[in-house]
Amino acid sequence: MNLHLQDKVILISGGAKGIGGAISKGLIEEGAIPVIIDPSEKEGKELVELAVGKALHLPWRLFSAEDCEKAVLEAVRAFGRIDGVVNNAGANDGVGLEKGSPEAFAQSIANNLHHYYSLVHFALPELKKSQGAIVNISSKTAVTGQGGTSGYVAAKGAQLALTREWSVELLPYHIRVNAILPAEVYTPMYESWIQTFPNPEEKLAEINHQIPLGKRMTTPEEIASMAIFLLSNRASHITGQHLYVDGGYTHLDRAL
Ligand code: NAP
């Protein structure tokens, strides 16, 4: 199937490692041009090399609205257009009700949510021209909870709400907006989290056993395949959807 993504310019926050890295790599394989916004110098450089220059690495962490505006301006300066935005950067920072504070909660929301809004806000004039697509990477924790991580989960829930809200607001421009909810994906972030347990190997085996399809984690590439499809015009009548790419983890019978 030709996804018709050749030369499409796609912004990806956190696009150098983990899920975002797999999305950038998949887009390169499709002939698209990823604009990778991620502080990871080595991985970003490797992706630009893989793309033989048909990619841009912006080696900074998105904090403020200005960072997002600058990323959009750089993308347009380099390639003259934007065809899609993948909001992906985030971290499960463990700001809970007990282990947390109102200030830490507000900071966690800022770190995990504000740049989702700002990147789309500043990219909108270009997305209107291209009738582009937006993919928000959320998390199953938005609908299941996790415990001890109020800020992250509140941001993930808001990303799902914004997916619906933006899909309605952007209907007149034929801009599609969808969300993906991963559950258990082995990435650098996941690796750091699993290492917080006294016996990481045992914990990993326990989690794998609970995943219905194949008793294994979802790979970053499996999330990327969905994201890339949603960015393509093969998904031309899909908008406002929350897509679970999780081997049945969120919905299937726990007794399986
Ligand atoms: P990851 O392994 O930590 O990779 C994320 C990349 O984004 C890293 O290179 C990170 O750089 C970068 N990054 C983080 N914050 C950034 C920011 N503000 N601006 C620019 N770059 C930033 O994470 P992942 O597991 O791939 O997660 C990606 C997304 O999937 C997140 O939104 C996460 O919530 C969601 N998700 C993941 C899982 C899972 O099982 N892995 C499950 C549910 C949802 P540094 O390493 O330098 O911070």
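All values reported here derive from a predicted model rather than from experimental measurement. (Residues numbered from 1 in each chain as written. Predicted model: local features only at pLDDT ≥ 70, side-chain atom pairs only at ≥ 80, totals over all residues. Heavy atoms only, no water.)

Draft legend 1. Examining the pattern of salt bridges more closely. Counted under the stated rule, the structure contains 9 salt bridges. Between Asp-7 and Lys-54 there is a salt bridge; the shortest N-O distance is 2.8 Å. Of this pair, Asp-7 sits in the segment before strand E1 (9–13) while Lys-54 is found in the loop between helix H2 (41–50) and strand E3 (56–58), placing the two residues 47 residues apart along the sequence. Among the salt bridges present, the one from Glu-29 reaches Lys-25, with a minimum N-O distance of 3.6 Å. With Glu-29 and Lys-25 both in helix H1 (residues 18–29), this residue pair falls 4 residues apart, about one helical turn. The class of Glu-29 is exposed, set by a relative accessible area of 59%. Note on Lys-25: relative accessible area 40%, which makes it partly exposed. (Salt bridge = Lys/Arg side-chain N within 4 Å of Asp/Glu carboxyl O. Helix = DSSP H or I, 4+ residues; strand = E, 2+ residues; numbered from the N terminus. Buried < 20%, exposed > 50% of the residue type's maximum accessible area, 1.4 Å probe, protein only.)

Draft legend 2. Inspection of the site of the ligand at higher detail. As a structural note, the neighbourhood of the ligand is formed by 29 residues, with Asp-38, Arg-61, Asn-88, Tyr-152 and Thr-187 the closest of them. With respect to the ligand, the side chain of Lys-17 contributes an N or O atom lying 3.1 Å from an oxygen atom. Between the ligand and Pro-188 there is a distance of 3.4 Å, counted from an oxygen atom to a backbone nitrogen or oxygen. When the ligand sits alone it has 880 Å² of accessible area, and the protein chains cover 90% of it. Structurally, the ligand is housed in the largest pocket. Mapped by element, the contributors of at least two residues to the shell around the ligand are H1, helix H4 (102–130), helix H6 (150–169) and helix H7 (188–194). Ranked by residue count, the leading element in the shell around the ligand is H7, at 3 residues. Of the residues that constitute the shell around the ligand, the class distribution is 15 nonpolar, 9 polar and 5 charged. Lining the shell around the ligand are residues from two domains, each supplying at least three of them: domain 1 (9–183 + 220–244) and domain 2 (185–217). (Near = heavy atom within 4 Å. Polar contact = N/O pair within 3.5 Å; in protein donor to acceptor, adjacent residues only side chain to side chain. Areas by Shrake-Rupley, 256 points an atom, 1.4 Å probe, with all protein chains shown as cover. 1 Å grid on protein atoms, 1.4 Å probe; cavity = no way out; pocket = protein on both sides within 12 Å on 5 of 7 lines; lining within 4 Å. Sits in = over half its atoms within 2 Å of the grid points. Nonpolar A, V, L, I, M, F, W, Y, C, P; charged D, E, K, R; others polar. Domains from an automatic or database assignment.)

Draft legend 3. Molecular detail of the domain arrangement of the chain. Once the domains are mapped, the chain shows domain 1 (9–183 + 220–244) and domain 2 (185–217). The distance between the C-alpha centroids of domain 1 and domain 2 comes to 24 Å. Counting residues at the interface gives 13 residues for domain 1, matched by 8 residues for domain 2. Summing the contributions of domain 1 and of domain 2, the shared interface buries around 630 Å²; its carbon and sulfur component is 67%. For the interface between domain 1 and domain 2, the tally reads 1 salt bridge. Measuring nitrogen to oxygen at the nearest pair gives 2.8 Å for the salt bridge that ties Glu-222 to Arg-216. One can count 1 residue pair in polar contact (both at pLDDT 80 or more) joining domain 1 with domain 2. Breaking the side of domain 1 that touches domain 2 down by element, the ones donating at least two residues are H1 and helix H9 (220–231). It is H9 that provides the largest number of residues to the side of domain 1 that touches domain 2, a total of 3 residues. (Contact = heavy atoms within 4.5 Å. Buried area = accessible area lost by both parts, 1.4 Å probe.)

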